[in-house]
Amino acid sequence: VEWHSAADFLADGLKMSASISTDNGAAKGETARLENSWGVGATYVTTAGDTTLTIGGGVADGEVSNTGTAADSDKGGFHLGVNAKTGDLTIGVGYGDGDTFVSSAATGAGNGNNTIVDGTVLKVGASYVTGDITLALGVTSGEARDGNFGSIGTTDDSSDSTSVSATYAVASGVSAVLGYT
């Protein structure tokens, strides 16, 4: 079941969405599976002088089910983001945090271990359009920890990257891109 609000729900520029799914009745197996889930999100768009500001966020959660070792947490998380556009300049920031899982059968990959993963990511970006050229800069930082169901992982994996690019509109529908990450 899914529900979406009008573009002016409770306030001008506010939109909300919600969804829910329930157990399909299938028997639990050795491999972990998502049993029930729900999610709620909202987006608010407003203007402040010459700047259009978009704020968005959401939260979701789901119950994990299997006949083996129980999960020490379910699948879920949240995200928040802000985007500001003034003329030809756009700047955005987003953050997400959540838990998920990777399931495996007793004879499959992972030697029968259902793995739980906890991760976070932060992204910041900016772009500037000048005539036929768009300049962009982006920075991403992410971290995750994983472990078998029933135990918390102890090792963090992380990834950080910075990207820059220039895009030139050569002709209608044709662009040339030069980038570096």
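A few points on the structure. Within each chain, residue numbers correspond to sequence positions counted from 1 in written order. The model is predicted, so local features are restricted to residues of pLDDT at least 70 and side-chain atom pairs to those at 80 or more, both for listing and for counting; the totals for chains, interfaces and linings are taken over all residues. Remark: hydrogens and water are excluded; side-chain values derive from all non-hydrogen atoms of the structure.

For the rest of this paragraph, the subject is the overall build of the protein chain. From N to C terminus, the protein chain includes 0 helices and 10 strands. Relative accessibility decides the category of a residue: with a 1.4 Å probe and only protein chains considered, values under 20% of the type maximum give buried, values over 50% give exposed, and everything between is partly exposed. Burial statistics for the protein chain: of 181 residues in total, 16% are counted as buried. Total accessible area on the protein chain is roughly 11,300 Å²; 58% of this is exposed by carbon and sulfur atoms. Where helices and strands are cited, they refer to DSSP runs of H or I of at least four residues and of E of at least two residues respectively, numbered from the N terminus. Per-residue and other accessible areas were derived by the Shrake-Rupley procedure at a 1.4 Å probe size, with only the shown protein chains allowed to occlude residues.

Should a side-chain nitrogen of Lys or Arg be within 4 Å of a carboxyl oxygen of Asp or Glu, the pair is scored as a salt bridge. In total, this model carries 1 salt bridge according to the counting rule given. One salt bridge connects Asp156 with Arg145, and the closest N-O pair in it is separated by 2.9 Å. A residue pair is termed long-range when its members are at least 10 positions apart, and Asp156 in strand β9 (residues 156–171) and Arg145 in strand β8 (residues 133–148) qualify at 11 residues. You can call Asp156 partly exposed: its relative accessible area is 37%. On the basis of relative accessible area, Arg145 is assigned to the partly exposed category, the value being 32%.

The next thing to look at is the packing of aromatic side chains. Ring pairs shown here join Phe, Tyr and Trp side chains whose ring centres sit within 6.5 Å, with only the six-membered ring taken for Trp; geometry is labelled stacked below 30 degrees between planes, edge-to-face above 60, and tilted in between. In total, this model carries 1 aromatic pair according to the counting rule given. Consider the rings of Phe78 and Tyr95, whose centres lie 5.9 Å apart with planes at 45°: the pair is tilted. Of the two residues, Phe78 is situated in strand β5 (residues 75–86) and Tyr95 in strand β6 (residues 89–102); the sequence distance between them amounts to 17 residues.

Now for the side chain of Thr51. Mapping Thr51 onto the fold places it in strand β4 (residues 51–65). Pairing of N or O atoms within 3.5 Å defines a polar contact, subject to two protein rules: one partner must be a possible hydrogen donor and the other a possible acceptor, and residues neighboring in sequence count only if both atoms are side-chain atoms. Among the polar contacts made by the side chain of Thr51, one reaches the side chain of Thr86 at a distance of 2.6 Å. Once you skip the residues sitting within four places of it in the chain, Thr51 turns out to touch Thr46, Ala84, Lys85 and Thr86. Note on contacts: a residue pair qualifies if any of its non-hydrogen atoms lie within 4.5 Å across the two residues.

Once that is clear, we can look at the environment of Asn83. Inspection of the secondary structure assignment puts Asn83 in strand β5. Once the C-alpha coordinates of Asn83 and Leu53 are considered, the two residues, 30 residues apart in sequence, prove to be 5.8 Å apart. Contacts of Asn83, omitting those with residues within four sequence positions, involve Thr52, Leu53, Thr54, Thr90, Ile91 and Gly92.

Each patch is built from salt-bridge-free residues with over 30% relative accessible area, joining like charges within 9 Å and nonpolar side chains (Val, Leu, Ile, Met, Phe, Trp, Tyr) within 5 Å. In summary, the charge assignment counts Lys and Arg as positive and Asp and Glu as negative, without counting His or the chain termini. Working definition for charges: the position is that of NZ of Lys, CZ of Arg, CG of Asp or CD of Glu. A contiguous patch of negative charge on the surface is contributed by Glu143, Asp146, Asp157 and Asp160. Those elements that place two or more of their residues in the negative patch are β8 and β9. For Asp146, the position within the fold is in strand β8.

Looking now at the pairing of strand β10 (residues 174–180). Little of β10 is tucked away, with 0 of its 7 residues classed as buried. Bridge count for β9 against β10 is 7 bridges, and the pairing is antiparallel. Note on β10: the bridge partner recorded for Ser165 is Gly179. Strand pairing requires that DSSP identify at least two bridges connecting the strands. Between the antiparallel neighbours β9 and β10 lie 2 residues, among them Gly173 with a positive phi of about 85°.

If you trace the backbone, Thr54 turns up in strand β4. In this structure the C-alpha to C-alpha distance between Thr54 and Tyr44, which are 10 residues apart in sequence, comes to 5.7 Å. With sequence-adjacent residues up to four places away left out, Thr54 is seen in contact with Thr43, Tyr44, Val45, Gly81, Val82 and Asn83.

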